[in-house]
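# Architecture at a glance
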Amino acid sequence: MASKHAAKTIDPKDLSPAWKILQLQLKEEKQEKERAEEAAKAEKVANGEVEEDNEGFTKVQSKRQKQKLNRKRRAQEALAAALEVKKVHHDIPVVIEDSERGEPTKIIAIDCEYVGAGMGGTTDILARISVVNELGKILYDKFVKPTEKVTDFRTAVSGIRPENMTKAIPFDRAQTEISKLLEGRIVVGHAVHNDFRVLKLNHIRKLTRDTAKCSILKNMAKCQGTPSLKKLAKEVLGIEIQKGEHDSITDARVALRLYESVKKQWEAEIKRYR
């Protein structure tokens with residue numbers, strides 16, 4: 001005989017609609033809470049706050065373990081960023097056919113072409129100036145009207161011809177435009193002091209990177225004196241340039257690639273001697 005205190009079994013069909021709705025709400029709240037807990041757990045695992053073993057159990061990490069994981073994560077992120085930068089700069093173009101324009105960047109490279117004035121054409125006069133950004137894209141490329149009578153266009157080397165002067169801009173305008181472009185930026189160039197000299201401009205020494213004076217590049221090229229840009233391009237980058245007339249865009253890009261190839265060591269050396 002059944003006890004009078006035994007729990008009575010209720011047929012689901014006898015439940016009121018309101019009770020059924022309440023049960024569904026409670027079930028949904030329970031499921032929502034479980035999902036929130038799973039999401040919070042996954043976030044902690046992703047952030048290194050807890051570890052999950054093979055059986056799905058979690059272990060709370062100590063402060064020291066968290067710091068160690070954070071350092072490891074930051075190192076991995078820095079390495080990934082460095083590899084990405086290296087990948088970008090590896091593709092710096094060095095051919096004049098690439099005439100894509102770009103925007104100014106923190107690091108730029110400059111190169112000038114000169115014509116000769118005076119007796120025997122021995123005085124350097126600015127005739128063309130080119131500037132590229134950190135990706136090798138052209139920022140500035142203009143012919144400049146000579147400030148003195150040209151006695152030697154030096155075409156075999158400079159690539160400058162009399163007809164180029166028909167579209168040249170005044171020296172004062174070029175000087176002003178370049179001065180604004182260089183301001184506050186790291187400027188890379190080969191024997192770049194000569195370019196500043198003909199431009200009659202000064203640039204902050206700590207923001208100047210001259211590939212002709214870089215001891216790291218000299219050692220790589222096995223050169224005791226001042227190496228030419230052509231020699232550095234051949235020995236360090238393995239490329240041939242200046243087979244005939246020079247081109248200021250190409251030369252600026254090559255100087256930039258040389259800088260990028262030893263940037264880490266070069267910048268560390270500069271910091272050490274400051």
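Our subject is the structure that appears above.
Here's what I pulled together on the structure shown here. On a predicted model such as this, the values are computed, not experimentally measured, just so you know.

### Let's talk about the overall build of the chain
- Along the backbone of the chain there are nine helices and eight strands.
- With 274 residues in all, the chain has 36% of them scored as buried.
- Taking contacts inside the chain between residues at least 6 apart in sequence as the whole, the part at least 24 apart equals 59%.
- Carbon and sulfur atoms provide 52% of the accessible area of the chain, an area that totals close to 18,100 Å².

### Observations concerning the pairing of strand S3 (residues 107-117)
- By the criterion of burial, S3 is predominantly enclosed, with 11 of the 11 residues buried.
- In S3, alternate side chains face the same way, and those of Ile-107, Ala-109, Asp-111, Glu-113, Val-115 and Ala-117 on one face and Ile-108, Ile-110, Cys-112, Tyr-114 and Gly-116 on the other are all buried.
- Note: S3 against strand S7 (residues 186-189), three bridges, orientation parallel. Paired with Ile-107 across the two strands is Ile-186, which belongs to S7.
- Across nine bridges, the pairing between S3 and strand S4 (residues 123-132) is antiparallel.

### A word on the pattern of salt bridges
- Applying the stated criterion across every chain yields a total of 11 salt bridges.
- Between Arg-161 and Glu-245 there is a salt bridge whose closest N-O contact spans 2.5 Å. Pair noted here: Arg-161 is in the loop between helix H3 (155-158) and helix H4 (171-182) and Glu-245 is in the loop between helix H7 (229-237) and helix H8 (248-261), with a separation of 84 residues, a long-range link.
- Here Glu-240 and Lys-234 are joined by a salt bridge, their closest N and O atoms 3.1 Å apart.
- Using a relative accessible area of 44% as the deciding quantity, one classes Glu-240 as partly exposed.
- Residue Lys-234 is classed as partly exposed on the basis of its relative accessible area, which comes to 42%.
- Through salt bridges that share partners, Asp-124, Arg-154 and Arg-197 make up one connected network.

### Quick word on the nonpolar core
- Judged by nonpolar contacts, the single largest core of 30 residues is most densely connected at Val-188, Leu-217, Val-254, Leu-258 and Trp-266.
- For this core, the elements supplying multiple residues, two or more each, are S3, S7, helix H6 (215-220), H7, H8 and helix H9 (263-272).
- Looking at this core element by element, the count peaks at seven residues for H8.
- Those residues in contact with Leu-217 that sit more than four places away from it in its chain are Thr-211, Leu-232, Val-236, Leu-258, Ser-261, Val-262 and Trp-266.
- Ranked by size, the runner-up nonpolar core spans 22 residues in total, among them Val-144, Phe-171, Val-192 and Val-198.

### Structural notes on the pairing of S4
- Counting buried positions over the 10 residues of S4 gives eight, a clear majority of the element.
- Connecting S3 to the next strand, S4, in antiparallel fashion are five residues, including Gly-118 with a positive phi near 80°.
- Relative to strand S5 (residues 138-143), S4 is paired through five bridges, and the arrangement is antiparallel. Residue pairing for S5: Val-132 is matched across the bridge by Ile-138.
- Connecting S4 to the next strand, S5, in antiparallel fashion are five residues, including Gly-136 with a positive phi near 85°.

### Re unusual backbone geometry
- Although it is not a glycine, Arg-154 adopts a positive phi angle of roughly 50°.
- Here Arg-154 shows up in the loop between strand S6 (150-152) and H3.
- Positive phi outside glycine occurs at Ala-191, with the angle close to 50°.
- Take Ala-191: it is sitting in the loop between S7 and helix H5 (192-199).

Conventions we followed
Residues numbered from 1 in each chain as written. Predicted model: local features only at pLDDT ≥ 70, side-chain atom pairs only at ≥ 80, totals over all residues. Heavy atoms only, no water. Helix = DSSP H or I, 4+ residues; strand = E, 2+ residues; numbered from the N terminus. Buried < 20%, exposed > 50% of the residue type's maximum accessible area, 1.4 Å probe, protein only. Contact = heavy atoms within 4.5 Å. Areas by Shrake-Rupley, 256 points an atom, 1.4 Å probe, with all protein chains shown as cover. Pairing = 2+ DSSP bridges. Salt bridge = Lys/Arg side-chain N within 4 Å of Asp/Glu carboxyl O. Core = buried A, V, L, I, M, F, W, Y, C linked by side-chain atoms within 4.5 Å.

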